[in-house]
Amino acid sequence: MAHRLQATISGSCVPAGGNFPKPQACSVRKGSAALWVGRVARGVIAFVVLLTSIPLARPAHAISVRIKDIVDYEGVRDNQLVGYGLVVGLHGTGDRLTNTIFTRETLIGMLNRLGVNIRDREIQLQTHDVAAVMVTATLPPFSHGGGRIDVTVSAVGDAQDLTGGTLLVTPLQAADGEVYAVAQGALVTNAFTAGGAAASVTRNIPTSAHIANGAVVEREVPVVLGMKGAVHLSLHNPNFTTANRIADAINRHLGRNLARVDDPRTIMVDLTGRDAASTLYRIGDLTVQPDTMAKVIVDEASGTIVMGDNVRISTVAVAQGNLTIQVTETPQISQPGPFSNGTTAVAPRTDIGVSTDNNKRLGMLREGPTLASLVAGMNALGMGPRDMIGILQAIKADGALQPDLEVR
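Please read all numbers here as calculations on a predicted model, not as lab measurements.

Trainee: Help me get a handle on the overall build of the protein, residues and values and all.
Mentor: Looking only at helices and strands, the protein features seven helices and 23 strands. Residues counted as buried form 27% of the 408 residues belonging to the protein. Sequence separation of 24 or more characterises 68% of the internal contacts of the protein that already satisfy a separation of 6 or more. Total accessible area computed for the protein in this model is approximately 25900 Å², and 55% of it derives from carbon and sulfur atoms.

Written as structure tokens, this is what we have:
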């Protein structure tokens, strides 16, 4: 290259372009040519460096989520509560006491406790403003005495509407039989019923109501974090890859050998010499990229198909067509002429049409590196969701669909 550049410069008074200094004479020495060669080399190197410094387009990364959004902490859980009570103040839409014996007995027992004895005249008790209900609630973790929780009230008799009713004091028990909360308050159904002599309309469910902050917590459920010097994180979706990523993130930010994967669902975190609350706070804000299993879920009842991002399919050829038979009855009626004493005659006429969708051809569903290419290929075949369900099942049977196919 040095020889070719030297010959070109020696044969011309002006260099052929570039940012070379203008030569003073047509004759150039060999040392000057070497200097220009060095400048050219440095320019090429700078250009290459410039190209490598330009950021290239990269594929989008998976979404990172916080650890506390995909795991549960051992011992930190909700508790279900249930109770039986009475709703009063209904506008004639309550239980019929002659049909619902438990409502009548509950009402009589409640009145007896309040000093009203009607046992001798219970047959005359015909009110329609009372309804027996089941009261349910969820006691969240770390709830303290005096706190309030929401409750749901549902009719158990033949009450038609709980709108406007008031729930009387109802103890709420857990599975151990202990009372953990007491509920009482006015009901809200967010439903209405309107109608006339021939028609009526109902929106939402008038026999199920809600009371915001309707129960007072009476007993606490103790929760001790890290009782044995360790706490376990439980994944919502068990996965070895996600569990190891969580353990790696914890060890990288909080210390080596702090977290260990026990199984695809459980990660053990050593809390020896550490405060449990502050450690779990720091762990919860760490982010990881959860892994998803390659699975296709099919709901035949609703025609729903859900695919994960890792779903792949081998190249297959698909042909799909339906046989449609349409039968139409158009009877012909022949009327007799006037004053002819004739009778009306009906001549049957049937039209039968058969369609085999001959315009559909064998289509190629090619292997694609992404879910988007798979969806685009299936949409290009012009199939509906229910047709896709049958084709996916056939492709799975052929072995070209690699992930699991779950039919519900």
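Moving on from the model shown.
Trainee: Mind laying out the sheet that holds strand 11 (residues 230-235), listing which residues take part and the relevant values?
Mentor: As summarised here, the arrangement of the four strands in space is 2-11-13-12, forming an open sheet in which the pairing is antiparallel. In this open sheet, the two strands that pair with only one neighbour each are strand 2 (71-73) and strand 12 (259-261). Neighbouring strand axes in the sheet, compared pairwise and without regard to direction, differ in orientation by 25° on average. Summarising the sheet, strand 12 and strand 13 (residues 266-270) pair through three bridges and their orientation is antiparallel. When the sheet's bridge partners are listed, Arg 260 is paired in strand 13 with Met 268. Contacts from helix 5 (residues 276-284) reach strand 2, strand 11 and strand 13 within the one sheet, and its direction differs from that of strand 11 by about 30°.

Trainee: Go over the pattern of salt bridges, please, and point to the residues and values.
Mentor: One pass over the structure, following the stated rule, counts seven salt bridges. Here Asp 262 makes a salt bridge to Arg 260, at a shortest N to O gap of 3.2 Å. Overall, Asp 262 belongs to the partly exposed group, its relative accessible area being 37%. Glu 406 is the partner of Arg 408 in a salt bridge, and the nearest nitrogen-oxygen pair spans 3.0 Å.

Trainee: Can you break down helix 4 (residues 240-254) residue by residue, with the values?
Mentor: With 15 residues, helix 4 extends 21 Å between its outermost C-alpha atoms, agreeing within 8% with the 21 Å of an ideal straight helix rising 1.5 Å per residue. Residues of helix 4 that are buried make contact with strand 2, strand 11, strand 12, strand 13, helix 5 and strand 14 (287-288). For helix 4, the capping residue at the N-terminal end is Asn 239, with a side-chain oxygen 2.8 Å from the backbone nitrogen of Thr 241. Phi for Gly 255, located one or two positions after helix 4, is positive at around 135°.

Trainee: Run through the sheet that holds strand 15 (residues 295-299), naming residues and quoting values.
Mentor: Across the sheet, which stays open at both edges, the three strands sit in the order 16-15-23 with mixed pairing between neighbours. Two strands lie at the open edges of the sheet, namely strand 16 (304-307) and strand 23 (404-407), each paired on one side alone. Ignoring strand direction, the axes of neighbouring strands in this sheet form an average angle of 15°. The pairing of strand 15 with strand 23 spans four bridges and is parallel. Counted as the bridge partner of Val 296 is Leu 405 from strand 23.

Trainee: Kindly report on the pairing of strand 8 (residues 192-195), identifying the contributing residues and their values.
Mentor: When strand 8 meets strand 9 (residues 200-203), the two strands line up antiparallel, connected through four bridges. Within strand 9, the position partnered with Phe 192 by the bridge is Arg 203. Count of turn residues in the strand 8/strand 9 antiparallel hairpin: four residues.

Trainee: Talk me through the side chain of Thr 93; I want residue IDs and the actual numbers.
Mentor: Among the structural elements, Thr 93 can be located in the loop between strand 3 (79-88) and helix 3 (101-113). Apart from residues lying up to four places away in sequence, Thr 93 is in contact with His 128, Ala 159, Gln 160 and Asp 161.

Trainee: Please provide a residue-by-residue account of unusual backbone geometry, values included.
Mentor: Generally, phi is negative for residues other than glycine and the peptide bonds are trans, each holding for most cases. For Phe 142, which is not glycine, the phi dihedral falls at a positive 65°. Along the chain, Phe 142 falls in the loop between strand 4 (131-139) and strand 5 (148-155). Positive phi outside glycine occurs at Asn 204, with the angle close to 65°. Positionally, Asn 204 belongs in the loop between strand 9 and strand 10 (208-217). Relative accessible area serves as the criterion here: at 54%, Asn 204 is assigned to the exposed category.

Cut-offs applied
Residues numbered from 1 in each chain as written. Predicted model: local features only at pLDDT ≥ 70, side-chain atom pairs only at ≥ 80, totals over all residues. Heavy atoms only, no water. Helix = DSSP H or I, 4+ residues; strand = E, 2+ residues; numbered from the N terminus. Buried < 20%, exposed > 50% of the residue type's maximum accessible area, 1.4 Å probe, protein only. Contact = heavy atoms within 4.5 Å. Areas by Shrake-Rupley, 256 points an atom, 1.4 Å probe, with all protein chains shown as cover. Pairing = 2+ DSSP bridges. Axes fitted to C-alpha atoms, helices over the stretch in contact; angles between N-to-C directions. Salt bridge = Lys/Arg side-chain N within 4 Å of Asp/Glu carboxyl O. Expected span 1.5 Å × (residues − 1). Polar contact = N/O pair within 3.5 Å; in protein donor to acceptor, adjacent residues only side chain to side chain.

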